Amino acid sequence: MNTRHLSFEFFPPKTPEGKEKLIHVHRKLSELQPEFFSVTYGAGGSTREFTRDFVLAIQAAGSSAVPHLSVCADEKSSLLTLLHEYKDAGIKKIVALRGDLPSGMGGPKQLIYANELVSFIREHFGDSFELLVAAYPEIHPEAESYEKDIYWLKKKFEAGASRGITQYFYNPDSYAYFIEQCQKVGIEAPIIPGIMPITNYHNLIRFSDSCGADIPRWIKKRLHQYGDDIDSIRDFGLDIVTSLCENLLSNGAPGLHFYTMNQADVSLSLCKRLGFLDADAKH
Ligand code: FAD
């Protein structure tokens, strides 16, 4: 039986049309029976209502919805209100993050590290939610050192998180080494690789620069060479990402979390290639 973890991430739609379209994407991906769909929380709480609205919509549609949450721009009281709403709606898991502050943002600002948010949720809600946290095989861009980043990751688990999801990467060795280093310091929680499908050269470069994800030179060169030929980029991306996922799964990764960019087709194709549609699959 296939028991590999599978989940999909969306960013929240901001218009009724966008919402309808994304519900359709969610329906298509539901065919793969993922464990959950997660919904991001815009930097500084900028999508608070949109995130909540879409989380509640997919939960109401019968899926397990997992909101991302950070504290940057929220008063603790409004955070508690939101968490109570999630609890009442039957939400069982949360991705707890420090998040980033958008530049030039006014209003109350506080950077609460993710381990503190995990403690805060545990303190107020006990075991009502499973808490997942972010992990960085290629190191968080602000980390003091590789060791320190793993030290703080361990603190998130000690505070009560039970699983990690990684920033995306294209070099499977970075994940293997990271897991080895985590195990050396006693981190035993499953750390699920985050997978970014490749569909657009310019967006990928821009996004990777800002989040500190490395795109190997040979992949960059190849993508650059394809220019605006989106079919070739898509085919190449499918091959590269399929082989990355195969490598990760065959080396013991607990499953995969897809950054869908709100598109169904590429994630569906990847999952089909990886055998996630087997008749007896259970995720
Ligand atoms: P933390 O774990 O708090 O770490 C932040 C930095 O501080 C690291 O360099 C760490 O080494 C250091 N550190 C950690 N704890 C301490 C401490 N107690 N004292 C001193 N230093 C410390 N961003 C969004 O805006 N919205 C989202 O929905 C979102 N979802 C994400 C989902 C995943 C799976 C991932 C991998 C990232 C996501 N991000 C999201 C990006 C994330 O918000 C940023 O990477 C952010 O800069 C760090 O958040 P964190 O929870 O990893 O922070």
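Preceding this section is the structure that the text describes.
Just so it is clear, the structure is predicted and the values come from calculations on it, not from any experiment.

## As for the layout of surface pockets
1) Next: Taken as a whole, the second largest pocket encloses approximately 230 Å³ of empty space.
2) Next: Lining the second largest pocket are 17 residues, with Tyr-175, Ile-179, Gln-183, Gly-252 and Ala-253 sitting closest to its centre.
3) Next: Of all the secondary-structure elements, those providing two or more residues to the lining of the second largest pocket are helix 6 (172-184) and helix 9 (230-250).
4) Next: A per-element tally of the lining of the second largest pocket places helix 6 first, with six residues.
5) Next: Residue composition of the lining of the second largest pocket, by class: twelve nonpolar, four polar and one charged.

## Comments concerning the side chain of Ser-70
1) Next: If you trace the backbone, Ser-70 turns up in strand 3 (residues 65-70).
2) Next: On the basis of relative accessible area, Ser-70 is assigned to the buried category, the value being 3%.
3) Next: Once residues lying within four places of it in the same chain are set aside, the contact partners of Ser-70 are Tyr-41, Leu-79, Leu-97, Arg-98, Gly-99 and Leu-117.

## Re the pairing of strand 2 (residues 36-39)
1) Next: Residues Phe-36 and Ser-38 line one face of strand 2 and the alternating positions Phe-37 and Val-39 line the opposite face, and both faces are buried.
2) Next: Note that strand 1 (residues 5-10) and strand 2 share four bridges and pair parallel. The residue bridging Glu-9 from the neighbouring strand is Ser-38, located in strand 2.
3) Next: In this fold, the crossover linking strand 1 to strand 2 by way of helix 1 (residues 16-30) has right-handed handedness.
4) Next: The pairing of strand 2 with strand 3 spans three bridges and is classified as parallel. Residue pairing for strand 3: Phe-37 is matched across the bridge by Ala-65.

Parameters at a glance
- Residues numbered from 1 in each chain as written.
- Predicted model: local features only at pLDDT ≥ 70, side-chain atom pairs only at ≥ 80, totals over all residues.
- Heavy atoms only, no water.
- 1 Å grid on protein atoms, 1.4 Å probe; cavity = no way out; pocket = protein on both sides within 12 Å on 5 of 7 lines; lining within 4 Å.
- Points joined across faces, edges and corners; volume = space filled by probe spheres on them.
- Helix = DSSP H or I, 4+ residues; strand = E, 2+ residues; numbered from the N terminus.
- Nonpolar A, V, L, I, M, F, W, Y, C, P; charged D, E, K, R; others polar.
- Buried < 20%, exposed > 50% of the residue type's maximum accessible area, 1.4 Å probe, protein only.
- Contact = heavy atoms within 4.5 Å.
- Pairing = 2+ DSSP bridges.
- Right-handed = clockwise from strand over helix to strand, strands pointing away.

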